[in-house]
Amino acid sequence: VIYQPPYMNWASGALRGAPLICKTTHLGDLPSVFANDIAWRQSDPRQPVYRVEMFESPSGEGYLYTGVTHLHPGLIGDEYFMTRGHFHARREQGEIYFGLCGEGLLLLQDEQGKARLEQVSTGSVHIIPGFTAHRLINTGSGVLSALAVWPSLAGHDYAALAQGFALRVVEQGGQVQAKEVQNG
Ligand code: F6R
Ligand code: ZN
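Heads up: these notes are all about the structure in this document. Bear in mind that the values here come from a model prediction, so they are computed numbers and not experimental data.

1. Considerations on the sheet that holds strand β11 (residues 125–128)
The strand order β3-β4-β5-β13-β8-β11 describes an open sheet built from 6 strands, whose pairing is antiparallel. Looking at strand neighbours, the two that pair on one side only are β3 (20–26) and β11, the edges of this open sheet. Ignoring strand direction, the axes of neighbouring strands in this sheet form an average angle of 20°. In this sheet, strand β5 (residues 64–71) lies alongside strand β4 (residues 48–55) in antiparallel orientation, the contact comprising 5 bridges. Bridged to V52 within β5 is T69.

Printed below as a string of structure tokens:
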């Protein structure tokens, strides 16, 4: 007997063949995430920014979660649409991201506040070590989709980055620009 596994469309990141858990994050769910608070307030709070689809999975020691993030293109002021970003609650737990479609950046930041960026594109592989916060940024004109695999026990700690990351990625004269945040 051959079991038919669930599958993913590698071009689009669409998941099929098993129950999914889906969550959409809208602009209204992201207060104080973007630098330009006035521009954020003037935006439509119902506008979707990203959707995460993951296979339903047991959790516990040894179990992994598999999910795809679809991040829309857009700007708040001059800052590109991005995910909220987080450390794992279990700080030592890592994660792997795979670029599927679209163009963007993965912003990584260690516990000392040192940030770096990796280019995300079709086929890119991003090994996120433990103790490293991560955020996806869409610098392209289409949807940025990335596959992620992470330990079910990792959890999310959003509060630790409530003051923001040390780098902001903005569009300046049609160019992608990374800016260091002074008070970050
Ligand atoms: C899981 C993970 C991703 C993100 C997703 C949404 O550990 O890193 O599945 O959860 O890209 O981003 P956040 O959770 O920062 O809103
Ligand atoms: Zn994560």
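2. Topic: the coordination of the zinc ion (ligand 2)
Surrounding the zinc ion (ligand 2) are the protein donor atoms H86 (NE2), H88 (NE2), E95 (OE) and H134 (NE2), which sit 2.0 to 2.3 Å from the metal. Around the zinc ion (ligand 2) sit 6 donor atoms; with metal-centred angles ranging over 74 to 177°, the donor geometry is octahedral. In primary-sequence terms, the residues that donate to the zinc ion (ligand 2) follow H-x1-H-x6-E-x38-H. Placement of H88 in the loop between β7 (79–80) and β8 (95–101) and of H134 in strand β12 (residues 132–138) is noted, with a sequence separation of 46 residues between them. Considered together, H88 and H134 belong to a single accessibility category, that of buried residues.

3. A look at the site of ligand 1
Residues in contact with ligand 1 amount to 14 residues; listed here are only the nearest, Y50, T69, G85, Y97 and Y158. E95 has a polar side-chain atom sitting 2.8 Å from an oxygen atom of ligand 1. Relative to its unbound accessible area of 400 Å², ligand 1 is 95% covered by the protein chains. Within the residue set of the shell around ligand 1, elements represented by two or more residues are β4 and β8. Each residue belonging to the shell around ligand 1 can be placed in one class, and the counts come to 5 nonpolar, 7 polar and 2 charged.

4. What about a nonpolar patch on the surface?
A contiguous nonpolar patch, built from I96, V125 and I127 and spanning about 270 Å² of accessible area, is present on the exposed surface. Among the secondary structure elements, V125 is positioned in strand β11. Classification of V125 as partly exposed rests on a relative accessible area of 48%.

5. Digging into the pattern of salt bridges
Under the defined criterion, the tally for this structure stands at 7 salt bridges. A salt bridge links R46 to D44; its shortest N-O distance comes to 3.2 Å. With relative accessibility at 66%, the residue R46 sits in the exposed group. Across the pair R168 and E79 runs a salt bridge, and its minimum N-O distance is 2.5 Å. With a gap of 89 residues between them, R168 in strand β14 (residues 167–172) and E79 in strand β7 connect regions that are remote in the sequence. Residue R168 is classed as buried on the basis of its relative accessible area, which comes to 16%.

6. Description of the pairing of β14
When β14 meets strand β15 (residues 175–180), the two strands line up antiparallel, connected through 6 bridges. The residue of β15 that forms the bridge with L167 is E180. Two successive antiparallel strands, β14 and β15, enclose a turn made up of 2 residues, where G173 displays a positive phi of approximately 60°.

7. Quick notes on the pairing of strand β9 (residues 104–110)
Across the 7 residues that make up β9, a large majority, 6, are buried. Where β9 lies against strand β10 (residues 115–120), 6 bridges are found, and the strand directions are antiparallel. Within β10, the residue paired with L108 across the bridge is R116. Linkage of β9 to β10, two consecutive antiparallel strands, is achieved through a turn of 4 residues, within which G113 is found at a positive phi near 90°. With 7 bridges joining them, β9 and β12 adopt antiparallel strand pairing. From the neighbouring strand, L107 faces β12, where its bridge partner is R135.

Parameters and conventions
Residues numbered from 1 in each chain as written. Chains lettered and ligands numbered in written order. Predicted model: local features only at pLDDT ≥ 70, side-chain atom pairs only at ≥ 80, totals over all residues. Heavy atoms only, no water. Pairing = 2+ DSSP bridges. Helix = DSSP H or I, 4+ residues; strand = E, 2+ residues; numbered from the N terminus. Axes fitted to C-alpha atoms, helices over the stretch in contact; angles between N-to-C directions. Donors = N, O, S within 2.8 Å, 3.2 Å for Na, K, Ca; no water. Tetrahedral: all angles 85-135°; square planar, octahedral: opposite > 155°, others 65-115°. Buried < 20%, exposed > 50% of the residue type's maximum accessible area, 1.4 Å probe, protein only. Near = heavy atom within 4 Å. Polar contact = N/O pair within 3.5 Å; in protein donor to acceptor, adjacent residues only side chain to side chain. Areas by Shrake-Rupley, 256 points an atom, 1.4 Å probe, with all protein chains shown as cover. Nonpolar A, V, L, I, M, F, W, Y, C, P; charged D, E, K, R; others polar. Patch = residues over 30% accessible without salt bridge, like charges linked within 9 Å, V, L, I, M, F, W, Y side chains within 5 Å. Salt bridge = Lys/Arg side-chain N within 4 Å of Asp/Glu carboxyl O.

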